[in-house]
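Here is what each chain is made of, one letter per residue.
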Amino acid sequence: MIKGKIDMLLNRRYEKQINGYINMERILGHYLYTYNLENDFEGLRPINCFESPLLAHISLTDKCNLHCPYCYAQDGSYTRDMGLDEYKTIIDKLGQQQVLSVILTGGEPLMHPQINEILEYTIQKKISILLLSNLLLLDRINTAFLSSPYLAFQISLNGIWDDNRNNNFDLLKTVQNYKRLKELRVPVIATIVIDNIEIDLDELFSFMEKHNVTTARFGLLIKLGRSKTIEGDKKYAEYVKKVTQEILKYRNSHQQVYFTVQTEYCEFSEKHVTRRTTLCEAGVSELFVDRNGDVYPCPLFKSFKKFWCGNLLSDSMENIWNSEVMNGLRCISLKEMGCDSCNNKCGVWCRGLVYSYTGKLDVKSPFCIKENV
């Protein structure tokens, strides 16, 4: 979160812990949480957990028009698509708790037969939407929604880690629609999974330059779903370290690109939230709602019934947010992990990522930057 001047205020809520407002803003094409304090004084204790979630991931469907080998969502736990009335009930409950934004996911959310009704209802509630999509079905969206300040996209550049990327029809169509959204000034960010196969990174960067992909986040394979059987964790960690260095080297020599890598070092400097709060948002500032209303701390935990927190269609948000599972995650401290002396904002401390590789919550990340230098 940052404290800054208002660019386009989308929504806000009062957070008594900071005696001020948390804002959802669109600033220079990015969605950001900012805050305005009623009394800007030093006596405030940093936030360890928000009174209610700021963000909710909502899975609309398990259907997808692609078969990505790294998809962690495909864990065999298919349930029917979320019904429109069920979605409205969930959005109403989230709205009552002043949730500021939702991430619509799946599967491929554009395959949901009532995606336009879902978007319309959410926008009417002034809840910001980040729609996770491969964009192959972008034409299914009512074009009027593309001009809404409440709608942004996160796209997965499927196949970009494949040396056959220049002949991948689906990837080229995704890139084409990515450029279309950018031309329409719709906020869009590309995400790229660092696969466990070695490729020519210069060729990858050339492809991205050719198609004007200038903003991207590079993330790690999650050892769930189709990636559950990944072998050679240490070898993969070493490869990720090598790739990270190459991406950062490229970024430093190309000022027009904005690439981020999950494994890069970012120094923590926020004074109104704790560093622990920023390292893993699950149960701290966000939650995940599955297609049948079941709630988990984040999408990475929905494959494990032990992390079930309740059902938002039948249980209250208060009971879910204060469930034993949520509180258990919040109690995992940096000191226990031996991470209290580090000042890295750390994209790999994520407990879901760690659990997928180790089966434990209270251990250091296998991708720890300090452990792998």
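Residues numbered from 1 in each chain as written. Predicted model: local features only at pLDDT ≥ 70, side-chain atom pairs only at ≥ 80, totals over all residues. Heavy atoms only, no water.

Engineer: Could you give an account of the packing of aromatic side chains, with specific residues and numbers?
Structural biologist: Scanning all chains against the criterion turns up eleven aromatic pairs. Between F301 and Y355, the ring centres sit 6.3 Å apart and the planes meet at 55°, which makes this aromatic pair tilted. Linking F301 in the loop between β12 (294-296) and β13 (310-311) with Y355 in helix α10 (residues 351-358), this pair joins segments that are 54 residues apart in sequence. Classification of Y355 as buried rests on a relative accessible area of 10%. Look at Y357 and F367: their rings are 5.1 Å apart centre to centre, the planes differ by 85°, and that puts the pair in the edge-to-face class. With Y357 in helix α10 and F367 in the segment after α10, this pair connects stretches of sequence that are ten residues apart. (Phe/Tyr/Trp six-rings, centres within 6.5 Å; stacked < 30°, edge-to-face > 60°. Helix = DSSP H or I, 4+ residues; strand = E, 2+ residues; numbered from the N terminus. Buried < 20%, exposed > 50% of the residue type's maximum accessible area, 1.4 Å probe, protein only.)

Engineer: Could you give an account of the nonpolar core, naming the residues involved and the relevant values?
Structural biologist: By size, the foremost hydrophobic cluster in this structure holds 122 residues, and its most contacted members are I58, L94, V102, F153, W161 and F218. With eight residues, helix α5 (residues 233-253) is the largest single contributor of residues to this core. Those residues in contact with L94, other than ones at most four positions away along the chain, are A56, I58, V99, V102, L312 and M317. (Core = buried A, V, L, I, M, F, W, Y, C linked by side-chain atoms within 4.5 Å. Contact = heavy atoms within 4.5 Å.)

Engineer: Go over the side chain of S365, please, and point to the residues and values.
Structural biologist: Mapped onto the elements of the fold, S365 is located in the segment after α10. According to the relative accessible area criterion, S365 is buried, its value standing at 7%. Here V348 takes part through its backbone oxygen, which lies 2.8 Å from a polar atom of the side chain of S365. Residues within four places of S365 in sequence aside, it is in contact with V348, R351 and V354. (Polar contact = N/O pair within 3.5 Å; in protein donor to acceptor, adjacent residues only side chain to side chain.)

Engineer: A description of the packing of helix α4 (residues 201-210) against α5 should follow, citing residues and the corresponding values.
Structural biologist: The description of two packed helices rests on the angle between their axes and on the distance between the axes. The geometry of α4 relative to α5 is characterised by a closest axis approach of 11 Å and an angle of 40° between their N-to-C directions. Between α4 and α5, the interaxial angle falls into the category oblique. In terms of crossing hand, the pair formed by α4 and α5 is right-handed. In this structure, α4 uses L201, F205 and E209 to contact α5, whose residues at the interface are V243, E246, I247 and Y250. Each residue belonging to the contact of α4 with α5 can be placed in one class, and the counts come to five nonpolar, no polar and two charged. (Axes fitted to C-alpha atoms, helices over the stretch in contact; angles between N-to-C directions. Parallel < 35°, antiparallel > 145°, perpendicular 65-115°, else oblique. Left-handed = near helix turned anticlockwise from the far one by under 90°. Nonpolar A, V, L, I, M, F, W, Y, C, P; charged D, E, K, R; others polar.)

Engineer: How would you sum up the environment of L60? Please name residues and give values.
Structural biologist: Within the secondary structure layout, L60 lies in the loop between β4 (55-59) and α1 (84-96). When its relative accessible area of 0% is taken as the criterion, L60 is described as buried. With 46 residues separating them in the primary sequence, L60 and G106 have C-alpha atoms 5.5 Å apart. If sequence neighbours within four positions are ignored, L60 has contacts with D81, M82, Y87, L104, T105, P109, H112, I115, I118 and R291.

Engineer: Quick one: what's the story with α1, residue by residue and with numbers?
Structural biologist: The end-to-end C-alpha separation of α1 is 18 Å, in line with the 18 Å expected for 13 residues at 1.5 Å each. When we look at burial in α1, the residues that qualify are L84, E86, Y87, I90, I91 and L94. Axial view of α1: buried residues confined to an arc of 155°, hence all on one face. In α1, the exposed positions that point more than 90 degrees away from the buried face belong to D85 and Q96. Buried-residue contacts for α1 involve β4, β5 (101-105), α2 (115-124), β11 (286-289) and α7 (317-321). Positioned one or two residues after α1, Q98 has a phi angle of 60°, which is positive. (Expected span 1.5 Å × (residues − 1). Arc of directions from axis to C-beta.)

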